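Notes for the structure review
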Amino acid sequence: LVARTPESELRIPESLDVFGQTIAFGDVAPVLVTNTASLRWLQDRAVEPFGMDRFRPNLVVDTATPFDEDTWARFRVGAAELAYGLIWPRCTIPQVDQDTGQRGREPAVVLKAHRWFTGPLDEVAEGWHPIVANKGMFGIGCSIGPVAA
């Protein structure tokens, strides 16, 4: 069992805190968006194989254009509406094969070569955490589309 008291409140670094909320353990946001086209693009340039499970997303979209998701300011998925929040910096966990527990070089090598972000992050990133603008249900196979500004 774990108990959290007000005195044990955790905050992420102020430069990354676009959500203005406390965090539980390492969870900064409830949704991580990734794209199958982005994964294929990275895999084509990688020195060793890896899969989507390395990034641990809970919303995977399938578009024709790699990193298309980086350009979405606001989109609807099912009945929910999500707004761009924060490109997600990657720790070393994605280098660990989720089935075997073996640590490899990827996706760190390809991310460092192609997905380095400067500014508040100044590190590699893949996927992004949106802000839930309007709550709603979504699931496998639901429609996804832009929301007019």
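All values derive from a computational prediction rather than experimental measurement. (Residues numbered from 1 in each chain as written. Predicted model: local features only at pLDDT ≥ 70, side-chain atom pairs only at ≥ 80, totals over all residues. Heavy atoms only, no water.)

1. Points about the pattern of salt bridges
Under the defined criterion, the tally for this structure stands at six salt bridges. D70 is the partner of R115 in a salt bridge, and the nearest nitrogen-oxygen pair spans 2.8 Å. On the criterion of sequence distance, the pair formed by R115 in the loop between α2 (108-114) and β5 (116-117) and D70 in the loop between β2 (59-61) and β3 (74-77) is long-range, its members being 45 residues apart. Looking at R115, the relative accessible area reads 6%, which means it is buried. Overall, D70 belongs to the partly exposed group, its relative accessible area being 23%. (Salt bridge = Lys/Arg side-chain N within 4 Å of Asp/Glu carboxyl O. Helix = DSSP H or I, 4+ residues; strand = E, 2+ residues; numbered from the N terminus. Buried < 20%, exposed > 50% of the residue type's maximum accessible area, 1.4 Å probe, protein only.)

2. Details of the environment of W72
Of note, W72 is situated in the loop between β2 and β3. Look at W72 and you get buried, because its relative accessible area is 16%. The spacing of W72 and V147 is 75 residues in sequence and 9.2 Å in space, taken between C-alpha atoms. Residues contacting W72, with those up to four places away along its chain left out, are V61, T63, Y84 and W128. At a separation of 3.3 Å, a polar atom in the side chain of W72 contacts the main-chain carbonyl oxygen of D68. (Contact = heavy atoms within 4.5 Å. Polar contact = N/O pair within 3.5 Å; in protein donor to acceptor, adjacent residues only side chain to side chain.)

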